[in-house]
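Results of the structural survey
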Amino acid sequence: MRTEAPFRHGTPQKTAVLLVNLGTPDNADTPSLRRYLKEFLSDPRVVEIPKLIWWIILNGIILQIRPKKSAAKYATVWTDEGSPLMAIGKRQVRVLSEAFKARRWDVRVELAMRYGNPSVASRMDQLRKDGYDRVLVFPLYPQYAAATTASVFDAVFDWAKPVRNIPELRLVKHYHDHPAYIHALAESVRKHWQINGRPNFEGGDVLLFSFHGVPEMTLLKGDPYHCECYKTARLLVEELGLQKGDYRVTFQSRFGKAKWLEPYTDKTLEALGKAGTKRIDVMCPGFMADCLETLEEINQEGREDFQHAGGGEFHYIACLNDSELSAAMLSEITAQHMQGWPVDMGYEESMALELAESRKLALEMGAQ
Ligand SMILES: C=CC1=C(C)c2cc3[nH]c(cc4nc(cc5[nH]c(cc1n2)c(C)c5CCC(=O)O)C(CCC(=O)O)=C4C)c(C)c3C=C
Ligand SMILES: [Fe+2]
Ligand SMILES: [Fe+2]
């Protein structure tokens, strides 16, 4: 256990939210991909194969071939601000901080990545150093899976192990059926339809919900992920008033030779294309931010699969990302999990904010 700064009586107890996403390579090149994939795929929560056998396969085969191939894919979605997952993550921090301010809350928002940078341990260390004694750990995965959510919790517990004065911790396990999340997704679909027109479901058009897959074996071993994906889809279908046949639920991003959750997204897109589907709208409700798996695998490869097989229009509905809908949803779920924690701003800070806001409003009105 480590030695820490002496405890001081009367220090204000500050509160933070730690948003955690999967992580992404630092650059779209082969060495960065090798580093990232090595860390990611060495996590026993992600690949459940006996250690020694997996070490040989990972180092002898996968890390020799995949980094170069994946780097080429990342290069097609890379932005001036870096990887989309990271760029959007940083903006999610900003919009959520703004939403807290609007609630007159004094809550810090930080972003960590389970693999790569900034690590969970580095962010937790920083929060401790800055005097945060209550932390809500909020993995950006609506559906719980051992491979993702539990692995984030592992990283927090691993960090806590040598810490003497551990902050009060709360964990968001999942929000796959939370009304705010379902509402935000449904609104994002309605907005897309307002701009692009509603699909002609009577004529055979389809709304496809594509979730990230996991090995089927994890379902048989008790992982609730599959059921949570279906529940999200069912609630979304109800909220949108869809009929059976208007939509499909599929699983994407298969990795390795084992059987993964079915039906597979790529095979379904191909089959729908072959069947002459005139229009398909695809959304990925399991991803809180657009990333390689949505922008490249769905919006590029999936589009190609569908249209090459004979399908018509392909519409990709973006993830919630840093939208107002997303911020409202994250702030509502946070509020529920923080019940009982004193999070309100002090009187002076709140008054200063009020003054700044009314000045801004006056300036805007004066400019009109
Ligand atoms: C949304 C939830 C996710 C689950 C569940 C998940 C399971 C899972 N993933 C792999 C292997 C890979 N995933 C990769 C990328 C990736 N995965 C998720 C999310 C989930 N994964 C995201 C958000 C991303 C994108 C990251 C980005 O930088 O944009 C990759 C890396 C890319 C590649 O080389 O294809 C791998 C590999 C497994 C094995 C697994 C469950 C066991
Ligand atoms: Fe993945
Ligand atoms: Fe993929």
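Keep in mind the model is a prediction, meaning the values are calculated, not measured.

Overview of the environment of tryptophan 159
Within the secondary structure layout, tryptophan 159 lies in helix α5 (residues 146-160). Distance in space between the C-alpha atoms of tryptophan 159 and aspartate 125 is 8.5 Å, their sequence separation being 34 residues. Those residues in contact with tryptophan 159 that sit more than four places away from it in its chain are Val120, Ala121 and Met124.

Concerning the domain arrangement of the protein
Annotation of the protein at the domain level lists domain 1 (14-176 + 324-347) and domain 2 (179-317). For domain 1 versus domain 2, the distance between C-alpha centres works out to 24 Å. Across the contact, 26 residues belong to domain 1 and 24 residues belong to domain 2. Elements that contribute at least two residues to the side of domain 1 that touches domain 2 include exactly α2 (51-75), α3 (84-102), α5 and α11 (324-337). Considered class by class, the residues forming the side of domain 1 that touches domain 2 number 15 nonpolar, nine polar and two charged.

Overview of the packing of helix α6 (residues 179-196) against α11
Between two packed helices, both the angle of their axes relative to each other and the distance between the axes serve to describe the pair. At a minimum axis separation of 9 Å, α6 and α11 run at an interaxial angle of 175°. The orientation of α6 with respect to α11, classified from their angle, is roughly antiparallel. Seen from α6, the contacting residues are Ala180, Tyr181, Ala184, Glu187 and Ser188; seen from α11, they are Leu325, Ser326, Met329, Glu332 and Ile333. Of the residues in the contact of α6 with α11, the class split is six nonpolar, two polar and two charged.

Describing unusual backbone geometry
Proline 118 follows asparagine 117 through a cis peptide bond whose omega is -10°. Residue placement: proline 118 occurs in the loop between β2 (107-113) and α4 (120-129). Although it is not a glycine, serine 253 adopts a positive phi angle of roughly 60°. Structurally, serine 253 can be placed in the loop between β6 (247-252) and α9 (265-274). Residue classification places serine 253 among the partly exposed positions, given that 19 C-beta atoms sit within 10 Å. Here asparagine 321, not a glycine, exhibits a phi torsion of approximately 50°, which is positive.

Topic: α5
Over its 15 residues, α5 extends 19 Å from the first C-alpha to the last, a length consistent with the 21 Å expected when each residue adds 1.5 Å. Of all the residues in α5, the buried ones are Ala146, Ala147, Thr148, Thr149, Ser151, Val152, Ala155 and Val156. Residues of α5 that are buried sit in contact with β1 (14-21), α4, β3 (132-139), β4 (168-171) and α7 (216-220).

Describing the UniProt feature "binding site: Fe(2+)" (unreviewed entry) in the protein
Under the feature "binding site: Fe(2+)" (unreviewed entry), the UniProt entry names His212 and Glu293. Despite a sequence span of 82 residues, these residues sit close together in the fold, their greatest C-alpha distance being 8.1 Å. Considering the arrangement of structural elements, one finds histidine 212 in strand β5 (residues 206-212). You can see glutamate 293 is positioned in helix α10 (residues 292-308). With 19 C-beta atoms packed within 10 Å, glutamate 293 lands in the partly exposed category. The residues contacting glutamate 293, other than those within four sequence positions of it, are His212, Gln252, Ser253 and Phe287.

Parameters and conventions
- Residues numbered from 1 in each chain as written.
- Chains lettered and ligands numbered in written order.
- Predicted model: local features only at pLDDT ≥ 70, side-chain atom pairs only at ≥ 80, totals over all residues.
- Helix = DSSP H or I, 4+ residues; strand = E, 2+ residues; numbered from the N terminus.
- Contact = placed C-beta atoms within 7 Å.
- Domains from an automatic or database assignment.
- Nonpolar A, V, L, I, M, F, W, Y, C, P; charged D, E, K, R; others polar.
- Axes fitted to C-alpha atoms, helices over the stretch in contact; angles between N-to-C directions.
- Parallel < 35°, antiparallel > 145°, perpendicular 65-115°, else oblique.
- Buried ≥ 20, exposed ≤ 12 C-beta atoms within 10 Å, placed from the backbone.
- Expected span 1.5 Å × (residues − 1).
- UniProt positions renumbered as here; feature names shortened; annotations may be inferred.

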